[in-house]
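What the coordinates show
The residues making up each chain are set out below.
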Amino acid sequence: MLRKLSRPLLCIPFIAAALIPFALAANAQSTPDPAPALRDLAEQNHIHIGAAVYSDHLLDPQFNQVLSREFNMLTPENEAKFCWLQPNEGKFDFSKFDQLVAFAQANNMEIHGHNLVWHQCLPDWVAQGKFTRDQALQVLHDHIFTVLGRYRGRVAIWDVVNEAMSDSGSGLRDTPWRDMIGDDYVEMAFRFAHEADPDALLFYNDYSGEAMTGKANAIYDMVQDFVKRGVPINGVGLQSHFTLGGVNEASISQNIKRLGALGLQVQITEMDDRFDGAPTPAILQEQANDYAQLMQACLENSNCTAFITWGVSDNYTWLRGTNLGFFKNPLVEPLLFDDHYQPKPAYQALVDVLTKHAG
Ligand code: G3I
């Protein structure tokens, strides 16, 4: 494909004009093909490369261009959560999620649905509903059936339950769902989701369970029990919210491998890599190493099927908007593209690992 010459061809003498076809041919041979985008390299490695997207950011044309060019999977950052879809009992609002689904379909992107059951973004009518077990199970059932029924055939993967495990790994965290239903609310959510959409891939998603930690062991024990008892589950999402230098490739790979031995997929679902202070070249290189190590841990295990970053560019990272104390750093720059949508060393590191592995 000939690239359009960047300079206008003005008042060329007749002889020179006769040489144009040869010049163009030479130019075509000397013009390198555009570098393959992340999504092309991911496809060569038979995985998806994704990003979490907040629908408001689709109004930004530069954001859209990078998102559609580089990624073949999209996670709704907020729009498919309970408090967005059913803010009031029985009253659903799909408008924002529909925008993201339409964008994904228009750009040939898979959708990683996130999430059906969580203790955050739970509207007061549920969190303070004081429902009996049966009433709460009905609320859970109806929400899951309504959502999965609407997006069946368009959303192939769902984070059914998000962050149910306590940080200590000593058991399930206390949540309104657990209080109202009991410990089996996790299992019941998966059973309802499978009934609602038997073709969907159903994931359990959590943080701080990437390497072989106590919490990872608790998650492993839970999903091993589900597999043993035939509870419909297909995978585990490793959120991967890291602080610089926190990626332990060997330990993460070991965890992915043991989940694979259960027959489960693993996806890196929310990768970002924060640091405080100015992005010196050394810091950006360490961040690149973190991204490369995590991608390597995924690629070396055939049950790892997606690598999703929690955002596209630093200017829109959730970390700048949170009130979580040390996250208030306006300079936090955890993603692959900077505030001006330019690829960072971490982007090139992923290109290098994906290219090497595809080769
Ligand atoms: O959209 C409203 C806006 O209209 C309103 O003016 C504003 C007032 O604060 O709030 C806006 O909603 C906020 C929303 O993000 C969109 O910016 C919510 O208050 C805020 O709570 C919400 O935070 C999200 C958080 O999950 C809680 O749902 C973050 O964006 C999102 O990045 C974060 O993502 C979570 C994953 O779902 C699970 N894993 C951890 C990850 C990071 O916490």
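My aim in this report is to walk through the structure given alongside it, one point at a time. Every residue gets a number counted from 1 within its own chain, in the order that chain's sequence is written. Confidence filtering applies because this is a predicted model: local features only for residues at pLDDT of at least 70, side-chain atom pairs given and counted only at 80 or more, and all residues used for totals across whole chains, interfaces and linings. The side-chain values count all of the structure's non-hydrogen atoms but skip hydrogen atoms and water molecules.

The local shell around the ligand holds 15 residues, among which Tyr54, Glu77, Lys81, His114 and Glu270 are the closest. Within 3.5 Å is the distance limit for a polar contact, defined as a pair of N or O atoms, with the added protein rule that one can donate a hydrogen and the other accept it, and that residues adjacent in sequence qualify only through two side-chain atoms. The contact in question runs from an oxygen atom of the ligand to an N or O atom on the side chain of Tyr54, over 2.9 Å. Within the side chain of Asn78, an N or O atom sits 3.1 Å from an oxygen atom of the ligand. Calculation of accessible area relied on Shrake-Rupley with a 1.4 Å probe; when residues are assessed, cover is drawn exclusively from the protein chains displayed. Coverage of the ligand by the protein amounts to 53% of the 800 Å² it exposes when considered alone. As a working rule, the residues Ala, Val, Leu, Ile, Met, Phe, Trp, Tyr, Cys and Pro are called nonpolar, Asp, Glu, Lys and Arg charged, and the rest polar, with Gly in that last group. Of the residues contributing to the shell around the ligand, the split by class is five nonpolar, six polar and four charged. Neighbouring residues are identified by heavy atoms, a residue being near a molecule or strand if any of them is within 4 Å of it.

It is worth spelling out helix α10 (residues 185-196) at this point. Think of it this way: any DSSP run of H or I at least four residues long counts as a helix, any run of E at least two long counts as a strand, and we number them from the N terminus. Between the first and last residue of a helix there are one fewer steps than residues, each counted as 1.5 Å, and that sum is the expected span. Taking 1.5 Å as the rise per residue, α10 with twelve residues should run 16 Å; its terminal C-alpha atoms sit 16 Å apart, in good agreement. Among the twelve residues in α10, nine count as buried, and that is most of the element. Close packing links the buried residues of α10 with β3 (110-117), α8 (133-151), β4 (157-162), α9 (176-181), β5 (201-206) and α11 (214-229). Accessibility here uses a 1.4 Å probe with only protein chains present; expressed as a share of the type maximum, an area under 20% marks a residue as buried, one over 50% as exposed, and anything in between as partly exposed. It only takes one pair of heavy atoms within 4.5 Å for two residues to be counted as in contact.

Attention shifts here to the state of the cysteines. When two cysteine sulfur atoms are found within 2.5 Å, that pair is recorded as a disulfide. Per the stated rule, a full pass over the model turns up two disulfides. Here Cys83 pairs with Cys121 through a disulfide, and the sulfurs are 1.8 Å apart. For the disulfide bridge between Cys83 and Cys121, the dihedral angle about the S-S bond is near -65 degrees, and by the sign convention the bridge is left-handed. Pair noted here: Cys83 is in helix α5 (residues 82-85) and Cys121 is in the loop between β3 and α7 (124-127), with a separation of 38 residues, a long-range link. Cys298 shares a disulfide with Cys304; S-S distance 2.0 Å. One disulfide, between Cys298 and Cys304, carries an S-S torsion of -100 degrees and so falls in the left-handed class. Each member of the pair Cys298 and Cys304 is classed as buried. If one numbers only the bonded cysteines of the protein chain, in the order they occur, the disulfide pattern is 1-2, 3-4.

With that settled, the discussion passes to the environment of Glu163. Relative to the elements of secondary structure, Glu163 occurs in the loop between β4 and α9. The buried category is assigned to Glu163, whose relative accessible area is 8%. Between the alpha carbons of Glu163 and Gln120 there is a distance of 9.4 Å; along the sequence they are 43 residues apart. Ignoring sequence-local partners within four residues, the contact set of Glu163 consists of Trp118, His119, Gln120, Arg173, Tyr204, Asn205, Asp206, Tyr207 and Gln239. Among the polar contacts made by the side chain of Glu163, one reaches the side chain of Trp118 at a distance of 3.0 Å.

Fitting a line to C-alpha atoms yields each axis, with helices limited to the stretch in contact; the angle taken between N-to-C directions then spans 0 to 180 degrees. Between α11 and helix α12 (residues 249-261), the least distance of the axes is 11 Å, while the angle of their chain directions is 10 degrees. Considering their axes alone, α11 and α12 lie roughly parallel with respect to each other. Within the contact between the two elements, α11 uses Ala216, Asn217, Tyr220 and Val223 and α12 uses Asn255, Arg258 and Leu259. Grouping the amino acids of the contact of α11 with α12 by side-chain chemistry returns four nonpolar, two polar and one charged. What sets the label is the angle itself: under 35 degrees gives roughly parallel, over 145 gives roughly antiparallel, 65 to 115 gives roughly perpendicular, and the rest give oblique.

This next bit is on the side chain of Ser55. Note on placement: Ser55 falls in the loop between β1 (48-53) and α4 (61-70). For Ser55, a relative accessible area of 3% puts it in the buried group. A polar side-chain atom of Ser55 sits 2.7 Å from a polar atom in the side chain of Glu79. Apart from residues no more than four positions distant in its own chain, Ser55 is found in contact with Glu79, Lys96, Gln99 and Leu100.

Taking burial as the measure, the eight residues of β3 include seven buried ones, the bulk of the element. Any two strands with at least two DSSP-identified bridges between them are counted as paired. Relative to β4, β3 runs parallel, the two sharing four bridges. By the bridge assignment, His114 is partnered in β4 with Asp159.

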